[in-house]
Amino acid sequence: MGSQTDASAARLERITELAERVTAPAAADVDRNARFPSESFAALREARVLSAGVPADFGGHGASLTELAAGCSILGQHCSASAMVLAMHHIQVLCIARHGASSPFFRTYLTAIAREQRLIASVTSEVGIGGDMRTSLSAVETTGSRFTLNKAASTISYGAQADDLLITARRDPSAPGNDQVLVLVRRGEFTLERAGVWDTLGMRGTCSPGFKLQSAGGVEQILPAFGDLASATMVPVSHALWTSIWLGVATDAVGRARTLVRAQARKTPGSVPPTALRLAEVTTKLQLLRQAIKGFIADYEALIVQPDGGLDTLSSIGFALRVNQLKVSASELAVEIVSHALSICGIAGYRNDGPQSIGRHLRDIYSSILMIGNDRLHATNAALLLVHKGD
Amino acid sequence: MKDKIRAIVVEHGRFAGNVSSLADDADLYAAGMTSHASVGVMLALEAAFDIEFPDRMLKRSVFESISAIAMAVAELLKEAGR
């Protein structure tokens, strides 16, 4: 156990080092030009971070969710777009590792992720479904042992840069919208035609325009039972990793405010500057955010080691409420923290240049309340609370 | 009891096609019942049988088929001495 903890700490140390050396210097340019953080990903591949979530049996690090979350948070302190791309990749890897390990095809694919440091993008969005991941219009069409799958995706983050895609679709053309499967297609098995541009307020480096997808492959590339997969892995892991990025962004914003307060204090030794009080307030919120994420991840990790993989609890209404509550509360808190940091930094924070600039943080963090809109999650929880007794 | 459950499931499950011939053990989620619709089914069952599903029963496996729902309802009726 000790050596596993040491190995994990060493890997996180390496991410910290590369984030400071490679990710941070490129972050402003990635943001300004809405371009993919390619130098970050070259360094992450070299450090074998893309297979951190692949089990050790398949050549990865077998990292815990705690470790993956810490890595995303570290990266998020320097470039939220880099962190979001890495988080989305980790989510796809964990879905395959947890739900595909009984399939020879996916076992071989897991070793390919580790060997080739392949980057996987998610194709869950679709034109015409209004953002509900648990509904698809497009369907897998099977002939013998081959399938074709075409989908108009309203957004695919880093679609143009990904090696492989994991796509939701209806099981077959006669299946209802919520009877979904998850399909892996690899480079060479799909084409993407860009539909629109990605010119947004923040999270610009995730490069997430819409695409028209055409793909084909073998039926062994299909993971069945997306419903269980979504509630056991995709949704809780997404919320754990996204919130960890927001924690990273908030941590860096507060760090910038702290530097400013300290500089003010040095000018007037013996008296506490007024901004120090605001700093005390905002660090309390930051601590709250950190503990909410940590508590959720600890509970999740305790569930998935149960004999049934925790599926019984993970598919319950009580857990669905909790997963959504984490996302909603963490995003609201993160936005609050970053704007609080801006008010401490004042004009130095409002400037787009200089060490106290909070502009990019503020623009990026507003994505947190929109990516799976909080209103949608509140509406879901409102319905679930009609039957949940809280006993 | 299963007929009464079936009627409630059909009315509130918001299925896409015709489901009046659903087998007792057919997977309701695969037939198109969303988790959102399942909440409506739960509420209607609570009203029809004058029961309350405790939180431990509020999970996918309990509502995945008419048979599974019947087992849960029977258990609650038995607990209530009815």
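Look up a bit, the structure's there.
Conventions used here
Residues numbered from 1 in each chain as written. Chains lettered and ligands numbered in written order. Predicted model: local features only at pLDDT ≥ 70, side-chain atom pairs only at ≥ 80, totals over all residues. Heavy atoms only, no water. Helix = DSSP H or I, 4+ residues; strand = E, 2+ residues; numbered from the N terminus. Rg over C-alpha atoms; globule rule 2.2 N^0.38 Å. Buried < 20%, exposed > 50% of the residue type's maximum accessible area, 1.4 Å probe, protein only. Areas by Shrake-Rupley, 256 points an atom, 1.4 Å probe, with all protein chains shown as cover. Lys, Arg positive; Asp, Glu negative; His and termini not counted. Charge placed at Lys NZ, Arg CZ, Asp CG, Glu CD. Core = buried A, V, L, I, M, F, W, Y, C linked by side-chain atoms within 4.5 Å. Contact = heavy atoms within 4.5 Å. Buried area = accessible area lost by both parts, 1.4 Å probe. Salt bridge = Lys/Arg side-chain N within 4 Å of Asp/Glu carboxyl O. Axes fitted to C-alpha atoms, helices over the stretch in contact; angles between N-to-C directions. Parallel < 35°, antiparallel > 145°, perpendicular 65-115°, else oblique. Left-handed = near helix turned anticlockwise from the far one by under 90°. Nonpolar A, V, L, I, M, F, W, Y, C, P; charged D, E, K, R; others polar. Pairing = 2+ DSSP bridges. Patch = residues over 30% accessible without salt bridge, like charges linked within 9 Å, V, L, I, M, F, W, Y side chains within 5 Å. Expected span 1.5 Å × (residues − 1). Bend = angle between axes of the 7 residues up to and from the residue.

**Overview of the overall build of chain B**
No. 1: On a plain count of helices and strands, chain B comes out with three helices and zero strands.
No. 2: Counting from the amino terminus, helix and strand elements in chain B follow one another as α-α-α.
No. 3: Relative to the compact-globule value of 12 Å for 82 residues, chain B shows a C-alpha radius of gyration of 12 Å, a close match.
No. 4: Dimensions of chain B along its principal axes, counting C-alpha atoms only, are 35 × 20 × 20 Å.
No. 5: Looking at the 82 residues of chain B, the share that counts as buried comes to 49%.
No. 6: Accessible area for chain B stands at about 4000 Å²; split by element, carbon and sulfur atoms hold 53% of it.
No. 7: Across chain B, the mean location of the 9 positive side-chain charges is 1 Å away from that of the 12 negative side-chain charges.

**What about the nonpolar core?**
When a protein is soluble and globular, its nonpolar side chains tend to lie buried together.
No. 1: Core analysis: the largest hydrophobic core is formed by 112 residues, its most contacted members being Leu 165, Leu 241, Trp 246 and Leu 289 of chain A.
No. 2: The greatest single-element share of this core, amounting to 19 residues, is contributed by helix α6 (residues 226-267) of chain A.
No. 3: In contact with Trp 246 of chain A, other than residues within four places in its own chain, are Met 84, Lys 327, Ala 330, Ser 331, Ala 334, Ile 365, Ser 368 and Met 371 of chain A.
No. 4: One finds Val 9, Phe 15, Val 41 and Ala 72 of chain B within the second-largest nonpolar core, a separate group that totals 33 residues.

**Observations regarding the interface of chain B and chain A**
No. 1: With 19 residues of chain B in contact, the opposing surface of chain A contributes 18 residues.
No. 2: Of the roughly 1500 Å² buried where chain B meets chain A, counting both sides, 54% is carbon and sulfur surface.
No. 3: When the buried surface of chain B facing chain A is broken down by residue, Asp 55, Leu 58 and Arg 60 of chain B rank first, second and third, together holding 37% of it.
No. 4: With its nearest N and O atoms 3.8 Å apart, the salt bridge here joins Asp 228 of chain A to Arg 60 of chain B.

**A word on the pattern of salt bridges**
No. 1: If you walk through the whole model with that rule in mind, you get 26 salt bridges over all chains.
No. 2: Across the salt bridge formed by Glu 116 of chain A and Arg 118 of chain A, the nearest N and O atoms sit 2.5 Å from each other.
No. 3: You can call Glu 116 of chain A partly exposed: its relative accessible area is 38%.
No. 4: One salt bridge connects Glu 75 of chain B with Arg 56 of chain B, and the closest N-O pair in it is separated by 3.5 Å. Taken together, the positions of Glu 75 of chain B in helix α3 (residues 66-79) and Arg 56 of chain B in the loop between α2 (35-49) and α3 put the pair 19 residues apart, joining distant regions of the chain.
No. 5: Judged by its relative accessible area of 35%, Glu 75 of chain B falls in the partly exposed class.
No. 6: Residue class for Arg 56 of chain B comes out partly exposed when judged on its relative accessible area of 48%.
No. 7: Residues joined by salt bridges that share partners form a network here, namely Asp 29, Arg 32, Arg 35 and Glu 39 of chain A.

**With respect to the packing of α6 of chain A against helix α7 (residues 274-304) of chain A**
Residue and element names in this part refer to chain A.
No. 1: In contact at an axis separation of 10 Å, α6 and α7 are set at 160 degrees when each is read in the N-to-C sense. By the angle class used here, α6 and α7 are roughly antiparallel. Judged by the sense of rotation from one axis to the other, the crossing of α6 with α7 is left-handed.
No. 2: Tallied by class, residues from the contact of α6 with α7 come to 18 nonpolar, seven polar and two charged.

**Some words on unusual backbone geometry**
Residue and element names in this part refer to chain A.
No. 1: The phi dihedral of Arg 48 is positive, around 60 degrees, even though this residue is not glycine.
No. 2: Structurally, Arg 48 can be placed in the loop between α2 (38-46) and α3 (65-76).
No. 3: The partly exposed category is assigned to Arg 48, whose relative accessible area is 33%.
No. 4: You will see that Cys 207, though not glycine, has its phi angle at about 45 degrees, which is positive.
No. 5: For Cys 207, the location among the structural elements is in the loop between β6 (190-195) and β7 (210-218).
No. 6: The exposure class of Cys 207 is buried, given its relative accessible area of 12%.

**Re the sheet that holds strand β4 (residues 164-170) of chain A**
Residue and element names in this part refer to chain A.
No. 1: With mixed pairing, the four strands of this open sheet are ordered in space as β1-β4-β5-β8. Sheet topology places β1 (120-123) and β8 (222-223) at the edges, where each strand pairs with a single neighbour.
No. 2: Direction of pairing for β1 relative to β4: parallel, over a ladder of four bridges. Bridged to Val 123 within β4 is Ile 167.
No. 3: Where helix α4 (residues 80-99) meets the sheet, it contacts β1, β4, β5 (180-186) and β8, and its direction lies at approximately 85 degrees from that of β1.
No. 4: The strands that helix α5 (residues 104-116) touches are β1, β4, β5 and β8; relative to β5, the one it contacts most, it runs at about 50 degrees.

**Some details on the sheet that holds strand β2 (residues 141-143) of chain A**
Residues and elements named next belong to chain A.
No. 1: One open sheet holds the four strands; their spatial order is β2-β3-β7-β6, and the pairing between them is antiparallel. Of all strands in the sheet, those bounded by a partner on one side alone are β2 and β6. Ignoring strand direction, the axes of neighbouring strands in this sheet form an average angle of 10 degrees.
No. 2: Bridging between β2 and strand β3 (residues 146-153) involves three bridges; their strand directions are antiparallel. Bridge pairing in β3 links Thr 142 to Phe 147.

**Section: a positive patch on the surface**
Residue and element names in this part refer to chain A.
No. 1: On the surface, Arg 258, Arg 262, Arg 266 and Arg 290 cluster together to form a positively charged patch.
No. 2: For the positive patch, the leading source of residues is α6, giving three residues.
No. 3: Inspection of the secondary structure assignment puts Arg 258 in helix α6.
No. 4: For Arg 258, a relative accessible area of 34% corresponds to the partly exposed category.

**Let's talk about α6 of chain A**
No. 1: Here α6 of chain A contains 42 residues, and its C-alpha end-to-end distance of 59 Å stays within 8% of the 62 Å for a straight helix at 1.5 Å per residue.
No. 2: Along its length, α6 of chain A shows its largest kink, about 30 degrees, at Met 234 of chain A, and proline Pro 236 of chain A lies within four residues downstream of that point.

**Considering the environment of Leu 65 of chain A**
Residues and elements named next belong to chain A.
No. 1: When you line up the elements, Leu 65 lands in helix α3.
No. 2: By relative accessible area, Leu 65 is classed as buried at 2%.
No. 3: Separated by 146 residues in the primary sequence, Leu 65 and Phe 211 place their C-alpha atoms 30 Å from one another.

Shape is all these values report; function is a separate question.
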